[in-house]
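What follows is each chain in one-letter form.
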Amino acid sequence: MKAAQLIKEIRGTPGEIWGNVVIPTRGQVVMRLNGDLLQTQQRLAWGLEQQENYTRLSKITSISIVEGRIWWLLWLGFATLVFYIGVIFIIAFFLVKQQWIVIHGGGENLILFFRQRDAEKVKLFRQTVFNLARQPSSPTPPLDSSPPNP
C-alpha cells in the first residue's frame, strides 16, 4: 500500500476494558470516517446487540496502537499447572500476541482488535484520522442570518 493512500474504514473485533486489562469480545466492529465524524458500528453477542457511535474528529485526543499478551493464558496455565497441561498455556502466553487500536476522545475509548496482516492498514487509518483531525473545521453558521432590528 502507498503511504499517501487514504484508509477510510477498518474492521475487526471489539474490545472492552476490565480493570487494567483490555480483552476482545465476541462480535464485529467497523470504524469508518464519515465527513468530520468517526462512525463506529458494533455487532456484539452473536448479533443480538448493536451499537453505533459517532465521534467528532476534533474530539479525538489520541490514538494508540498496542501489541500485548493474552493474560488469561498465563492465569489458566498457573491454575492447571498441577495437571501439567498448564505448561502449554504458559508457553502459549509467551508466544501469542494480540494487536489492537484504541481511539481516545469524547470521554470514551473505542477499541478494535485486528490481525497482523491488517497492521499496515490500521497504521494508515490512524494517519488518515490524524490528518483529518488537524484540518480546521468550517465555522458553524449563525442560527439567524438576518440583520438585527434597530
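Quick notes on the rules
Residues numbered from 1 in each chain as written. Predicted model: local features only at pLDDT ≥ 70, side-chain atom pairs only at ≥ 80, totals over all residues. Heavy atoms only, no water. Salt bridge = Lys/Arg side-chain N within 4 Å of Asp/Glu carboxyl O. Buried < 20%, exposed > 50% of the residue type's maximum accessible area, 1.4 Å probe, protein only. Helix = DSSP H or I, 4+ residues; strand = E, 2+ residues; numbered from the N terminus. Arc of directions from axis to C-beta. Contact = heavy atoms within 4.5 Å. Patch = residues over 30% accessible without salt bridge, like charges linked within 9 Å, V, L, I, M, F, W, Y side chains within 5 Å. Areas by Shrake-Rupley, 256 points an atom, 1.4 Å probe, with all protein chains shown as cover. Axes fitted to C-alpha atoms, helices over the stretch in contact; angles between N-to-C directions. Parallel < 35°, antiparallel > 145°, perpendicular 65-115°, else oblique. Left-handed = near helix turned anticlockwise from the far one by under 90°.

1. What to know about the pattern of salt bridges
Point 1. Enumeration over the complete set of coordinates arrives at four salt bridges.
Point 2. E9 is the partner of R11 in a salt bridge, and the nearest nitrogen-oxygen pair spans 3.1 Å.
Point 3. We classify E9 as partly exposed; its relative accessible area is 25%.
Point 4. Among the ionic contacts, a cluster of salt bridges with common partners joins E9, R11 and R32.

2. Considering unusual backbone geometry
Point 1. A positive phi is found at Y84, a non-glycine position, where the angle reads about 65 degrees.
Point 2. On the secondary structure map, Y84 appears in the loop between helix 1 (71-79) and helix 2 (86-95).

3. Brief notes about helix 2
Point 1. Taken together, the buried positions of helix 2 are occupied by G86, I90 and F93. Axial view of helix 2: buried residues confined to an arc of 55 degrees, hence all on one face. Structural note: helix 2 exposes I88 and L95 on the side pointing more than 90 degrees away from its buried face.
Point 2. Along its buried surface, helix 2 packs onto strand 6 (60-69) and helix 1.

4. Details of a nonpolar patch on the surface
Point 1. Side chains of V21, W71, W75, F78, L81, V87, I91, L95 and V96 sit close together on the surface and give an oily, nonpolar patch of about 870 Å² of accessible area.
Point 2. When residues of the nonpolar patch are traced back to their parent elements, those giving at least two are helix 1 and helix 2.
Point 3. Take F78: its relative accessible area is 46%, and that puts it in the partly exposed class.

5. A short note on the packing of helix 1 against helix 2
Point 1. At their nearest, the axes of helix 1 and helix 2 sit 7 Å apart, and the two run at 155 degrees to each other. Comparing the axis directions of helix 1 and helix 2 gives the class roughly antiparallel. Pair helix 1 / helix 2 crosses with left-handed handedness. Contacts from W71, L73, L74, L76, G77 and F78 in helix 1 reach G86, F89, I90, A92 and F93 in helix 2.

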